Amino acid sequence: MKYFELAKVYEALEATTKKLEKRDILAEFYKKADKDLAIVVRLSYGAVMGEDFGVAKQMLKSIIKKAYGITDAEIMHKFKETGDLGVVAEFFAAHRKQRTLAYHELNVVKVYENLQKLPSLTGTGSVERKVSLVAELLSNASALEARYIVRTVLGDMRIGVAEGIVRDAIAKAFSKEPKDVERAYDFLGDYGEVAEQARKEKGKLKAKIEIGKPVRVMLAERSPGLKEALAAFEHPALELKYDGFRIVIHKKADKIWLYSRRNENITKQFPELVEYAKKHLKARECIVEGETLAVDKKGKPLPFQKLSRRIQRKYHIEKMVKELPIQMNLFDIIYLNGRNVMHEKLKERWNTLKKIVKPIKGKFQLAEHIETKDFKKANKFYQYSLRKGQEGLMVKNLDAFYHPGKRVGYWLKVKPIAEPLDLVIVGAEWGEGKRARWLGSLLLACRSKGKFLATGKMASGLTEKQLAEMTKRLKHLIEEEKGKHVKIKPKIVIEVGYEEIQKSPKYPTGYALRFPRLLRIREKDKGPEDVNTLADIEKLYKQQKRVKH
Ligand code: AMP
């Protein structure tokens, strides 16, 4: 199918705000998709296997410049006017001076293939490869196509199509029940595949787990505290909340697949886990899941950042296996020997898991798990978890089924809240699109030796009302403007909450805040001279129990 047909559909979707209309547009389109159905469905809501393409806005701007032979100033000018890089690309595609000689009409498969290659490119030369994959698409694209290629790469389609609409459109196109379509999605983790099955199957869509295809995992909610979490369930189970990476293991005889929480296939990155799973899961077929940690040579858990090096690594994996060993802590089972066990209670699932895992201490084991409603015992376990450098506890309802892809409140996470910081705003950025009139992305600074040093950026965490209010205040304090970046006179102090302090070379302090959010504006009670110092941040960083290296 030609990509242009999809681009026209995007345009029609963008033109209406009515959900039912959007559903109908998509349903008609899916019916016509023929052999490209799976790809068309994924592209139709900008989901190329749920990937983050690793192409930042800045890189995309250079690609647009390269594809259409335009200058920095031209692109900046247009961007300021529209606030949408997709529309910028569309404009320059329409006004381009010359087309490449080898011009090809784009089809959906070509676009999909190029996009799909992006996330796997890392390391030396990867930037150039990414640039050329996207530039190839842009130079072959018509103006309308360019708009949506750019938006797909940015992960910001602006067509108002979320998963619910895709689900309903598949149901409508192939005469199925939306709830059955959703169920199939829980088990297949990909609406492209679900649509194929819905088209193929006559009658009711029978959702089945297929080993080797990613299932959606159950999610947790935050609890205000341990007491509340214990009170929530009649029979609670408590487990360490490991600060690692969730991995789902699929096993079929000697074949093993590993998936991340976002359904990326990460089998290649963890060959030792594949070996453990082959030999230490006593089942012909199963799907189990757990949290993986990186550990040091003595088996002591390392902070998450270290493990992320293992996840990203695509080459010389054997070397990494030696340098950064891992520890798998299994906590649930979803499937066993032809049986979907999601509809069994956690109590039963946990017992089944215990039976099939032949543990290797410190490497491949069950998560530390106790069952109690007693606060004293629970608190002891909580403190033990924090001392061990883990995040806190997961409190789970032993009577609950497994709910894929959902935050239903049967798993509650309990973790300490980091102490808030008072910081002063020293910079900001003009927004885009509908936010173009507002200053956002606040640059926050602490004090050090009589100077203000930036130590983080608050990009989200403000409501629209707060953004408008903040802009009003900050406008008078602008000292310098460069493109969308503005320098702000240090005057406004805010109290900032965050998940944790991380080391970061991005800021002059060497530290950054993870997930900062606005708690309140310090009106008159604190001025810039009262903000926290770099020494405070250093102290808090060391205090973070989870950071041990
Ligand atoms: P959060 O990412 O903060 O929403 O917390 C949920 C995540 O905690 C899960 O997706 C797992 O990756 C992780 N986790 C760590 N330990 C456990 C555990 N014992 N049970 C379930 N999830 C866990």
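A brief report on the enclosed structure follows. (Residues numbered from 1 in each chain as written. Predicted model: local features only at pLDDT ≥ 70, side-chain atom pairs only at ≥ 80, totals over all residues. Heavy atoms only, no water.)

### So, the packing of helix α1 (residues 3-15) against helix α9 (residues 143-154)
Two packed helices can be described by the angle between their axes and the distance between those axes. With their axes 9 Å apart at the nearest point, α1 and α9 run at an angle of 75° to one another. Comparing their axes, α9 and α1 come out roughly perpendicular. Residue-level inspection shows Y3, F4, A7, K8, Y10, E11 and E14 of α1 in contact with α9, the latter providing L144, E145, R147, Y148, I149, R151 and T152. Of the residues assigned to the contact of α1 with α9, the class counts are seven nonpolar, one polar and six charged. (Axes fitted to C-alpha atoms, helices over the stretch in contact; angles between N-to-C directions. Helix = DSSP H or I, 4+ residues; strand = E, 2+ residues; numbered from the N terminus. Parallel < 35°, antiparallel > 145°, perpendicular 65-115°, else oblique. Contact = heavy atoms within 4.5 Å. Nonpolar A, V, L, I, M, F, W, Y, C, P; charged D, E, K, R; others polar.)

### Observations concerning the layout of surface pockets
Estimated volume of the largest pocket: approximately 1,600 Å³. F304, E391, E500, R514 and F515 are, among the 49 residues lining the largest pocket, the residues nearest its centre. For the lining of the largest pocket, the elements supplying multiple residues, two or more each, are β2 (236-241), β3 (245-252), α15 (304-312), β10 (392-397), β11 (411-414), β14 (451-458), β18 (500-503) and β19 (511-514). The leading source of residues in the lining of the largest pocket is β18, at four residues. Along the lines of polarity and charge, the residues of the lining of the largest pocket split into 20 nonpolar, eight polar and 21 charged. (1 Å grid on protein atoms, 1.4 Å probe; cavity = no way out; pocket = protein on both sides within 12 Å on 5 of 7 lines; lining within 4 Å. Points joined across faces, edges and corners; volume = space filled by probe spheres on them.)

### Overview of α15
Turning to α15, its buried residues are L307, S308, R310 and I311. When α15 is viewed along its axis, its buried side chains cluster within an angular range of 155° and face the same direction. Residues of α15 that are buried make contact with β3, α14 (271-280), β5 (285-294), α16 (317-323) and β6 (326-336). (Buried < 20%, exposed > 50% of the residue type's maximum accessible area, 1.4 Å probe, protein only. Arc of directions from axis to C-beta.)

### With respect to the environment of V426
Summarising the element assignment, V426 is placed in strand β12 (residues 421-430). On the basis of relative accessibility, which here comes to 16%, the residue V426 falls in the buried class. Measuring from C-alpha to C-alpha, the distance between V426 and V493 comes to 9.7 Å, with 67 residues separating the pair along the chain. Those residues in contact with V426 that sit more than four places away from it in its chain are L443, A445, F452, K487, I488 and P490.

### Let's talk about the site of the ligand
Surveying the vicinity of the ligand reveals 13 residues, the closest of which are R246, R261, E291, K396 and K413. A distance of 2.9 Å separates a nitrogen atom of the ligand from a polar atom in the side chain of K396. In the model, an oxygen atom of the ligand is placed 2.4 Å from a nitrogen or oxygen of the K413 side chain. In the complex, the protein chains occlude 90% of the 490 Å² of accessible area that the ligand would expose alone. Every element with two or more residues in the shell around the ligand is listed here: β2, β10 and β11. A per-element tally of the shell around the ligand places β2 first, with three residues. When the residues that make up the shell around the ligand are grouped by side-chain class, the tally is five nonpolar, no polar and eight charged. (Near = heavy atom within 4 Å. Polar contact = N/O pair within 3.5 Å; in protein donor to acceptor, adjacent residues only side chain to side chain. Areas by Shrake-Rupley, 256 points an atom, 1.4 Å probe, with all protein chains shown as cover.)

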